[in-house]
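Close look at the chain arrangement
Below are the chains, spelled out letter by letter.
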Amino acid sequence: MKPAASLTLVGAGRMGSALLHGWLKGPEREISVIEPSPRPEIRALAEEGRIQLNPAPSESSIIVLAVKPQQFAAVSEQAKAFVGPKSVAISIMAGVRLAQLSRRLGTERVIRSMPNTPGAIGQGVTVFTAPEGAKRTDLSAARELLAPLGEVHGPVDEAMMSAVTALSGSGPAYIFLLAEVMAEAGVAQGLPRDLALSLARRTVEGAAALMGESGDSPEALRKAVTSPGGTTQAALDILMDTGGMPALFRNALSAAANRDRQLSQEAD
Ligand SMILES: NC(=O)C1=CN([C@@H]2O[C@H](COP(=O)(O)OP(=O)(O)OC[C@H]3O[C@@H](n4cnc5c(N)ncnc54)[C@H](O)[C@@H]3O)[C@@H](O)[C@H]2O)C=CC1
Ligand SMILES: O=C(O)[C@@H]1CCC=N1
């Protein structure tokens, strides 16, 4: 089969590798990976001839930037060598704005996106934004590239991206923390650690799967667990009290969104 348009991934860390694995399951295409410290699995893919690792620069149809935002200024000098008039650059970096991508990469054809780690198993959600007047082909390239990670929303107004990052980009960490602290609280109630961790994990996994399969709202599902005057109500009276989860999450998301805005300033 004829390889599709060439694709260059810059940075094959946690998220870059997740993207790469999705692409390798899709239609055949020429994929280059720029990564100074490749993981063994990336080296193995290069040895199998499925990707080209650290090739000499040449114009690529699509360049995906998956390095840390703090590395972007330095990396852009290198990445620019893969960008030409026929290229579209898609960033998954937190904080780095469309205008900064354009300026550092020397092209107007840029897309800013925010995926999340469940994308590694195709269960993620990604939101993207694009400059006004972006080519339809660039928007569809972004949708196609991000689809292996799961659901894709966009293009949205760029002003939403800090909140998106705070909610769904960082969000999986909040859920993992929930499993951790539920397990610790079970230990405090006298359960053996292994059993507490296993109950917390299965509860988070099962609740997420039920939410997905039933399609019911989180609120309806919560109410279905809560017998009036029962045990759940006793716990929720604490969790939903002033200073409880609603206030904590408002503050936490505000801190994450502010950090995203700070990263934008640092990328200047
Ligand atoms: N981890 C997450 O949950 C999410 C991360 N992101 C964004 O994805 C980006 C990458 O994050 P992670 O994958 O977590 O970080 P990571 O640290 O796992 O990956 C970054 C990779 O970039 C490589 N790198 C460093 N200098 C390079 C260079 N000059 N050329 C090419 N590659 C270079 C590093 O060796 C590393 O493998 C960040 O900008 C982050 O904001 C976005 C959504 C979710
Ligand atoms: O923590 C971070 O900065 C990145 C962006 C969203 C998830 N991880």
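Let me sum up the structure you'll find in this document. Since the structure is predicted, the reported quantities are computational estimates derived from the model, not experimental observations. (Residues numbered from 1 in each chain as written. Chains lettered and ligands numbered in written order. Predicted model: local features only at pLDDT ≥ 70, side-chain atom pairs only at ≥ 80, totals over all residues. Heavy atoms only, no water.)

Focus: the nonpolar core
Ranked by internal contacts, the top residues of the largest apolar core, which has 29 residues, are L20, W23 and V64. Listed by contribution, the elements that provide at least two residues to this core are strand 1 (4–10), helix 1 (14–25), strand 2 (29–34), helix 2 (40–47), strand 4 (62–65), strand 5 (88–91) and helix 5 (136–146). Per-element tally for this core: the top contributor is helix 1, with six residues. Those residues in contact with W23 that lie beyond four places of it in its chain are L7, L9, I31, V64, L145 and P148. If you look at the next biggest cluster of nonpolar residues, it comprises 18 residues, including I34, L65, F82 and V110. (Core = buried A, V, L, I, M, F, W, Y, C linked by side-chain atoms within 4.5 Å. Buried < 20%, exposed > 50% of the residue type's maximum accessible area, 1.4 Å probe, protein only. Helix = DSSP H or I, 4+ residues; strand = E, 2+ residues; numbered from the N terminus. Contact = heavy atoms within 4.5 Å.)

A few points about the site of ligand 1
In the vicinity of ligand 1 there are 22 residues, among which R14, M15, E35, V67 and Q78 approach most closely. Between ligand 1 and E35, the relevant distance is 2.6 Å, taken from an oxygen atom to a side-chain nitrogen or oxygen of the residue. Notes on ligand 1: free accessible area 830 Å², of which the protein chains cover 81%. Elements supplying a minimum of two residues to the shell around ligand 1: helix 1 and helix 3 (72–79). Split by residue class, the shell around ligand 1 holds 14 nonpolar, five polar and three charged. (Near = heavy atom within 4 Å. Polar contact = N/O pair within 3.5 Å; in protein donor to acceptor, adjacent residues only side chain to side chain. Areas by Shrake-Rupley, 256 points an atom, 1.4 Å probe, with all protein chains shown as cover. Nonpolar A, V, L, I, M, F, W, Y, C, P; charged D, E, K, R; others polar.)

With respect to the environment of T129
Among the structural elements, T129 can be located in strand 7 (residues 124–129). Residue T129 is classed as buried on the basis of its relative accessible area of 1%. A C-alpha to C-alpha distance of 6.1 Å links T129 and G154, two positions 25 residues apart in sequence. Not counting the four nearest positions on each side in its chain, T129 is found in contact with L98, I111, R112, P155, V156, D157, E158 and M161.

A few points about the pattern of salt bridges
Between side chains of opposite charge, a pair can form as their charged atoms come close. Following the criterion strictly, the structure yields 12 salt bridges and no others. Residue R103 pairs with D268 through a salt bridge whose shortest N-O separation is 3.5 Å. Within this pair, whereas R103 is found in helix 4 (residues 98–105), its partner D268 is found in the segment after helix 11 (245–266), the two being separated by 165 residues in sequence. When its relative accessible area of 52% is taken as the criterion, D268 is described as exposed. Residue E158 pairs with R112 through a salt bridge whose shortest N-O separation is 2.8 Å. (Salt bridge = Lys/Arg side-chain N within 4 Å of Asp/Glu carboxyl O.)

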